[in-house]
Amino acid sequence: MSINWYPGHMVTARSKAAETMRKTDLVIEVLDARAPHASCNPVFERLRLAGQRPALKLLNKSDAADPEQTRYWLQHYNRQPGVEAIALCAKKPSELPRVLAACRTLRPDRGAADKPLRMMILGIPNVGKSTLMNAILKRHVAHVGDEPAITKVQMFHRLGPGMSLVDTPGMLWPGMAQETASKLAALHSIGRAAYDDEDVALTLGRYLLRHYPELLARRFGVLPRPCDEHTLLGLIAAGRSLAKKPGGGQDVARASVALLNDFRTGAIGRITLETVDELAAPA
Ligand code: G4P
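Residues numbered from 1 in each chain as written. Predicted model: local features only at pLDDT ≥ 70, side-chain atom pairs only at ≥ 80, totals over all residues. Heavy atoms only, no water.

Novice: Would you mind going over the overall build of the chain with me for this structure?
Specialist: Within the chain, the secondary structure is distributed over eleven helices and six strands. Of the contacts formed within the chain by residues at least 6 apart in sequence, a portion of 69% connects residues at least 24 apart. Put simply, the chain shows about 13,400 Å² of open surface, and 54% of that area lies on carbon and sulfur atoms. (Helix = DSSP H or I, 4+ residues; strand = E, 2+ residues; numbered from the N terminus. Contact = heavy atoms within 4.5 Å. Areas by Shrake-Rupley, 256 points an atom, 1.4 Å probe, with all protein chains shown as cover.)

Rendered as structure tokens:
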């Protein structure tokens, strides 16, 4: 089953955000540290580059990502001109001063009352944008929830006399590769109705078997050799005594949900779904 990821309201939101970007001095892009490349909206990245706007790339949820991979991703982004990248856990308000300090460093020419630093914040659904916004504004301005695309309109906020911030809704883009869509579904940046749990769990299982077999073994017990993604789901089903289907097979559907939930909650461990090297040489 292919993943249908582009609801109509995002078309309107996209043109509005493109308009806002023209009046922006700095783009704050919230990425999911577990898949920084997949969670970057290429439509806005192209617009940003065409408009020569600097970017602060925040690799959020870094507490859930593989720390070694996060280091490589930070190096990768920090090599790009006009970009500063920071690993973040938006749930920890103590980390926030770094965010605004980095904004000022990226645009030292702006930030006065007569020349305010105009920023916009972008991010696909569920990367933690509302959590960050709430922390920045130190009051509850947006509903924080685990269902994608809750904020649907742009909001303008004045952060003191020399700074303003436009909050945009979480947006995906058309023509997304299925490999990317599958990662975003695993991260729950795409709504549940748009994908098949089993397809996404099989793709996730394949990646985890290749990159994090020790974490899988710690969570689900010793893996047989060889072990492919189907075997893994069978093992999870057996390990959790999931009810057998009438046909006699194990309940792979429920095992798929279990694997996805364990990944999302961090029960398997700190995991990143893509490496910088894979950008140069896709699998
Ligand atoms: P969005 O606006 O980009 O759509 O995302 P939102 O802030 O609503 O956050 C989506 C989920 O991600 C929330 O989980 C939020 O708590 C969690 N989250 C945000 N930042 C971080 C972070 O740095 N690390 C981790 N591990 N999680 C983060 P939730 O399940 O809806 O709520 P909660 O029970 O976690 O609060």
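Novice: I keep staring at the pairing of strand β6 (residues 163-167) and nothing clicks. Help me out?
Specialist: Each regular strand shows side chains that alternate between the opposite faces of the sheet. β6 sits mainly inside the fold: five of its five residues count as buried. Residue alternation in β6 divides its side chains into two sets, Met163, Leu165 and Asp167 and Ser164 and Val166, and both sets are buried. Two strands pair when backbone bridges link them, and strand β4 (residues 117-122) and β6 are joined in this way by five bridges, in the parallel orientation. Pairing of arginine 118 across the sheet is with serine 164, part of β6. Relative to β6, strand β5 (residues 155-158) runs antiparallel, the two being bridged by four bridges. For histidine 157, the partnering residue across the bridge sits in β6 and is leucine 165. Hairpin connection from β5 to β6: four residues lie between these consecutive antiparallel strands, with glycine 160 at a positive phi of about 85°. (Buried < 20%, exposed > 50% of the residue type's maximum accessible area, 1.4 Å probe, protein only. Pairing = 2+ DSSP bridges.)

Novice: What should I look at first to understand the sheet that holds β5 in this one?
Specialist: Sheet strands pair by backbone hydrogen bonding; their relative direction is either parallel or antiparallel. The mixed open sheet is built from six strands, whose spatial order is β3-β2-β1-β4-β6-β5. In this open sheet, the two edge strands, each paired with only one partner strand, are β3 (83-87) and β5. The average undirected angle you get between the axes of adjacent strands in this sheet is 20°. Running over the sheet, helix α2 (residues 42-50) touches β1 (26-32), β2 (55-60), β3 and β4 and is turned about 155° from β2. (Axes fitted to C-alpha atoms, helices over the stretch in contact; angles between N-to-C directions.)

Novice: Whenever I open this one, the site of the ligand confuses me. Can you help?
Specialist: Near the ligand, the surroundings consist of 16 residues, among which Asp63, Asn126, Lys129, Ser130 and Thr131 are the closest. A distance of 2.8 Å separates an oxygen atom of the ligand from a polar backbone atom of asparagine 126. Glycine 128 has a polar backbone atom sitting 2.9 Å from an oxygen atom of the ligand. For the ligand, whose accessible area on its own is 710 Å², the fraction buried by protein is 74%. Examining the composition of the shell around the ligand, we find that three residues originate from one element, helix α5 (residues 129-137), more than from any other. Of the residues in the shell around the ligand, the class split is five nonpolar, six polar and five charged. (Near = heavy atom within 4 Å. Polar contact = N/O pair within 3.5 Å; in protein donor to acceptor, adjacent residues only side chain to side chain. Nonpolar A, V, L, I, M, F, W, Y, C, P; charged D, E, K, R; others polar.)

Novice: Even after reading the chapter, I still don't get unusual backbone geometry, so can you show me in this structure?
Specialist: Backbone phi values are negative for most residues with the exception of glycine, while trans is the configuration of most peptide bonds. In this chain, arginine 225 is followed by proline 226 through a cis amide linkage whose omega measures -5°. Tracing the chain through its elements places proline 226 in the loop between α8 (213-220) and α9 (229-239). Although it is not a glycine, asparagine 126 sits at a positive phi angle of roughly 75°. Residue placement: asparagine 126 occurs in the loop between β4 and α5. Note on asparagine 126: relative accessible area 14%, which makes it buried. Look at histidine 188: it is not a glycine, yet its phi comes out positive at around 65°.

Novice: How do you make sense of the nonpolar core when you look at a structure like this?
Specialist: Soluble globular proteins tend to bury their nonpolar side chains together. One finds Met119, Leu132, Leu184, Leu232, Leu259, Ile268 and Leu273 to be the most contacted residues of the largest nonpolar core, which totals 65 residues. If you tally residues by element for this core, the top one is helix α7 (residues 197-211), at seven residues. Split by domain, the residues of this core number at least three in each of domain 1 (8-167) and domain 2 (196-280). The residues contacting leucine 273, other than those within four sequence positions of it, are Arg34, Ala35, Lys183, Ala186, Leu187, Leu204, Tyr207, Phe263 and Glu278. Counting residues in hydrophobic clusters, the runner-up holds twelve residues, among them Ala55, Leu59, Tyr77 and Val276. (Core = buried A, V, L, I, M, F, W, Y, C linked by side-chain atoms within 4.5 Å. Domains from an automatic or database assignment.)

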